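One letter stands for each residue in the lines below.
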Amino acid sequence: MDPFLTVQQLKRKSIQYRKTVLSIIRHGGAGHTGGSLSSIDILNTLYNRILRLSPATFQGANRDRFVQSKGHSVEALYTVLADRGFFPQSELETLNGFGSHFIGHPTRHVNGVEQNTGALGHGMSFAVGSALAAKLDRKDFRVFALLGDGELAEGSNWEAAMTAGHYRLDNLVVIVDRNGLQITGPTEEVVQLEPLHLKFEAFGFAVCECDGNSIPELLANLESVPFAAGQPSLLLAKTRKGCGVSFMENSVRWHHRVPSDQEFEQAIQELEKAEALLV
Amino acid sequence: MEATSSNLDVFAATLSEAAKADRNILVVTSDSRGSGRLTPFVAAVPEQIVEVGIAEQNLVGISAGLAAAGKKVFAVSPACFLTARALEQIKNDVCYSDRPVKVVGISAGVSYGALGSTHHSLHDFAALRAIHNITIVAPADNFETREAVQAALRMSKPIYLRFGKKVMPHLPRLASRFELGLASLIRSGNDLSFLASGETVAPALEAAELLAAEGIDCRVLSFHTIKPLDEAAVLKAASETGCLITVEEHSVSGGLGEACASLLLQHGQPVRFQIVGFPDEYTMTGSQAELFRHYGISGSGLAQSARRLRTNKSE
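If you're wondering where the values come from, they're calculated on a predicted model, not measured in any experiment.

(A) Fine view of the overall build of chain A. The secondary structure content of chain A amounts to nine helices and seven strands. Since a compact globule built from 279 residues should have a radius of gyration of about 19 Å, the 18 Å found for chain A is in line with a globular shape. Taking the principal axes of the C-alpha coordinates as reference, chain A spans close to 50 × 45 × 40 Å. Put simply, 77% of the contacts in chain A that link residues at least 6 apart link residues at least 24 apart.

(B) The overall build of chain B, seen in detail. Secondary structure summary: chain B contains 12 helices and 12 strands in total. Here the C-alpha atoms of chain B give a radius of gyration of 19 Å, agreeing with the 20 Å that 2.2 N^0.38 yields for 315 residues. Oriented by its inertia axes, the alpha-carbon framework of chain B measures out at about 60 × 40 × 40 Å. Looking at chain B as a whole, 54% of its 315 residues qualify as buried.

(C) Molecular detail of the sheet that holds strand β11 (residues 243-251) of chain B. Residue and element names in this part refer to chain B. One open sheet holds the five strands; their spatial order is β7-β9-β8-β11-β12, and the pairing between them is mixed. The outermost strands of the open sheet, each flanked by one partner alone, are β7 (184-187) and β12 (272-278). Pairwise comparison of adjacent strand axes, ignoring direction, gives a mean angle of 20 degrees for this sheet. Strand direction decides the pairing type here: strand β8 (residues 192-196) and β11, joined by four bridges, are parallel.

(D) Highlighting the sheet that holds strand β1 (residues 25-29) of chain B. Residues and elements named next belong to chain B. Across the sheet, seven strands lie side by side as β2-β1-β3-β4-β6-β5-β10; this open sheet has mixed pairing. The outermost strands of the open sheet, each flanked by one partner alone, are β2 (49-51) and β10 (225-227). Neighbour-to-neighbour, the strand axes of the sheet open up by a mean angle of 20 degrees, direction not taken into account. Pairing between strand β3 (residues 72-78) and strand β4 (residues 102-106): five bridges, direction parallel. Looking at the pairing, Ala 75 lines up with Val 103 of β4. The sheet strands contacting helix α3 (residues 56-68) are β1 and β3, and the helix crosses β3 at an angle near 170 degrees.

(E) Region of the structure containing the domain arrangement of chain B. All names here are of chain B. Once the domains are mapped, chain B shows domain 1 (7-162) and domain 2 (184-314). The interface is formed by 22 residues belonging to domain 1 together with 26 residues belonging to domain 2. Where the side of domain 1 that touches domain 2 is concerned, the elements lending two or more residues are α6 (124-129), β5 (135-137) and α7 (142-154). Tallied by class, the residues present in the side of domain 1 that touches domain 2 amount to 11 nonpolar, eight polar and three charged.

(F) View of the pairing of β1(B). Residue and element names in this part refer to chain B. Most of β1 is tucked away, with five of its five residues classed as buried. Going residue by residue along β1, you find Ile 25, Val 27 and Thr 29 tucked away on one face and Leu 26 and Val 28 tucked away on the opposite face as well. As paired elements, β1 and β3 share five bridges and run parallel to each other. Paired with Val 27 across the strands is Phe 74, a residue of β3.

(G) Main features of the nonpolar core. All names here are of chain B. Core analysis: the biggest nonpolar cluster contains 172 residues, and Val 28 and Phe 194 have the highest contact counts within it. Two domains each donate at least three residues to this core, and these are domain 1 (7-162) and domain 2 (184-314). When residues no more than four places from it in sequence are discounted, the contact partners of Val 28 are Val 50, Val 52, Leu 59, Ile 62, Ser 63, Leu 66, Val 73, Ala 75 and Val 76.

(H) Molecular detail of the confidence of the model for chain B. Mean pLDDT for chain B: 96, with 98% of residues reaching 70 or above. The ipTM value of the predicted complex is 0.96, and its pTM value is 0.97.

(I) Broad picture of the interface of chain A and chain B. Contacts between the two partners involve 20 residues from chain A and, on the opposite side, 23 residues from chain B. When contributions to the side of chain A that touches chain B are tallied by element, the ones reaching two or more residues are α4 (123-136) and α5 (155-166) of chain A. Across the side of chain A that touches chain B, the residue classes tally to 10 nonpolar, eight polar and two charged.

(J) Just helix α9 (residues 231-241) of chain B, in detail. All names here are of chain B. Along α9, the residues classified as buried are Ala 233, Val 234, Ala 237 and Ala 238. For α9, the arc enclosing every buried residue in end-on projection is 135 degrees, short of the 170-degree limit, so these residues lie on one face. Opposite the buried face of α9, at more than 90 degrees from it, the exposed residues are Ala 232 and Ser 239. Residues of α9 that are buried sit in contact with β8, β9 (218-222), β11 and α10 (256-266). Among the residues trailing α9, Gly 242 stands out with phi positive, at a value near 70 degrees.

(K) Representation of the packing of helix α1 (residues 7-21) of chain B against α7(B) in the model. Residue and element names in this part refer to chain B. Where α1 contacts α7, the two axes come as close as 9 Å, and the packing angle between them is 40 degrees. Our classification of the angle between α1 and α7 gives oblique. α1 and α7 meet at a crossing whose hand is right-handed. Together, Asn 7, Val 10, Phe 11, Thr 14, Leu 15 and Ala 18 of α1 and Asn 142, Thr 145, Arg 146, Val 149, Gln 150 and Leu 153 of α7 make up the contact between the two elements. Per-class residue counts for the contact of α1 with α7 are six nonpolar, five polar and one charged.

(L) Representation of helix α8 (residues 215-222) of chain A within the structure. All names here are of chain A. Buried residues of α8: Ile 215, Leu 218, Asn 221 and Leu 222, and no others. End-on view of α8: buried residues confined to an arc of 135 degrees, all on one side of the axis. Tucked into the core, α8 has its buried residues touching α1 (7-28), α2 (33-50), β6 (206-211) and β7 (233-238).

(M) Representation of unusual backbone geometry within the structure. Along the chain, Glu194(A) connects to Pro195(A) via a cis peptide bond; the corresponding omega equals 5 degrees. Examined against the element boundaries, Pro195(A) turns out to sit in the loop between α6 (187-190) and α7 (196-202). Looking along the chain, the bond that leaves Lys227(B) and enters Pro228(B) is cis, with omega of 0 degrees. By the element assignment, Pro228(B) lies in the loop between β10 and α9. The phi dihedral of Arg168(A) is positive, around 50 degrees, even though this residue is not glycine.

(N) Summary view of the packing of α3(B) against helix α5 (residues 87-96) of chain B. Residues and elements named next belong to chain B. Put simply, α3 and α5 touch, their axes get as near as 9 Å, and they point 5 degrees apart. If you check the angle between α3 and α5, you find them roughly parallel. The residues of α5 that touch α3, namely those facing Gln 57, Val 60, Gly 61 and Ala 64, are Gln 89, Ile 90, Asp 93 and Val 94. Class assignment of the residues belonging to the contact of α3 with α5 gives a composition of four nonpolar, three polar and one charged.

Definitions and cut-offs
Residues numbered from 1 in each chain as written. Chains lettered and ligands numbered in written order. Predicted model: local features only at pLDDT ≥ 70, side-chain atom pairs only at ≥ 80, totals over all residues. Helix = DSSP H or I, 4+ residues; strand = E, 2+ residues; numbered from the N terminus. Rg over C-alpha atoms; globule rule 2.2 N^0.38 Å. Contact = placed C-beta atoms within 7 Å. Buried ≥ 20, exposed ≤ 12 C-beta atoms within 10 Å, placed from the backbone. Pairing = 2+ DSSP bridges. Axes fitted to C-alpha atoms, helices over the stretch in contact; angles between N-to-C directions. Domains from an automatic or database assignment. Nonpolar A, V, L, I, M, F, W, Y, C, P; charged D, E, K, R; others polar. Core = buried A, V, L, I, M, F, W, Y, C linked by C-beta atoms within 7 Å. pLDDT = per-residue confidence, 0-100. Arc of directions from axis to C-beta. Parallel < 35°, antiparallel > 145°, perpendicular 65-115°, else oblique. Left-handed = near helix turned anticlockwise from the far one by under 90°.

Next up, the structure:
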């Protein structure tokens, strides 16, 4: 049985994960820094407290499923999977290396990855299919999908959302990493996404919002799924791109920038200072 | 003689029978149960059909998710939409992710005739041949259709099945064995070979019969499997008959013909060779039968191509 981690322990993990993310991106020479840092608290909460999933049960028919539709934030996923024991931590050092399975988007060659993603707008349909299978087989596993906000411009998401609502998939939980930025700039300037809350409600979802970088808020919401019986759940997780490092936060520049040695040192110092403040 | 049906009807009937015995078999459709002749399937196993509406990308993504959870999924939609609009889902969600979805393109080729180019799939072999990890199958008649559906059910890898909706004659067979990846010998002969696929095998056989009356003895092979290609059968036909005509209800670009051409050229195999299919042009309008005639995919058209190719050979 996995140890039950307290909020304080989870907060510490988030800081450690952020350090690992930055370290492997620097070592691998490429990566999606901003989105990995915005989504790390979500992954931390899911993998350490919410998902009925472990390396031992990963092949089990009744395991919860997690699909990372925003595949480019893979460094966050690799970091959490390594910590949960899906593969040795040392394998993270092969990120982006020739012949490595640890490439810039998740593939099933990496233990713990549910589905190959990377092209945007694919994860929700896959999650709907698996959630539907659970309903057909009267199994009680749940399916979680993490989407970026920029990828919501892909029409396939709304096809999937329509189906999720139609089949009343209350075993489906879609989390939007709502950091408000995409590679070109603020999402609302690129193509307006809002009002997302109303849009998803209109498609049949029960919608909640929270601070997506707050462990207590994430826990409170994710422990209460489904948000409504007979409806799929949608969590608008309001995050900060680059969260945890002052000069990376809310900066488009850090979408996929690799920290220089100096930036890396400064970021690690900031994170260690934050860690020291956690008593 | 046993009554015949369209391959599409045989697909639906075969699948219905199998689904009654296996509740894990699912059909996923995009408002296409009628055009997929699936009404009897719905009547037989109403719990085993999933409707997603007119949304092909979602159709394939959901099918991958269902397959990942252990379902035997047939994603059924008109070939024209399925293999174009949802190509990225086929590439990533099914093939790259290795989800054993049976992607079923219905009313394929120019089956929709006068509905026009939006409804034709003359690109699907080409598009899918360039994607790793998918078998591509276009059965010629009811027998091959039944066998292909059963083979697909046994497979744990992605497969594309392509069906037309014309009532097909039973083709004679020199061997009853059906195996994906092995061409079926429909007629033996050593003067010229027709390497045909899907609904073009029947006119190829007609051509062979016309030519037999002129003393030209043609071999007819059904290349029901476009990928993996039965390379040995192509090379054998080339070396034994010296004259090859490939026939397909597909663009001349990227389909069976070019697959054979590439193989032959790389083997340095000297052979007279012609690809019959749909040329790179704004496709003529008309019914499937009219289009087949117009583009030379008919008994007389193919016989004419054969005579011309053989004349060139003896020059």
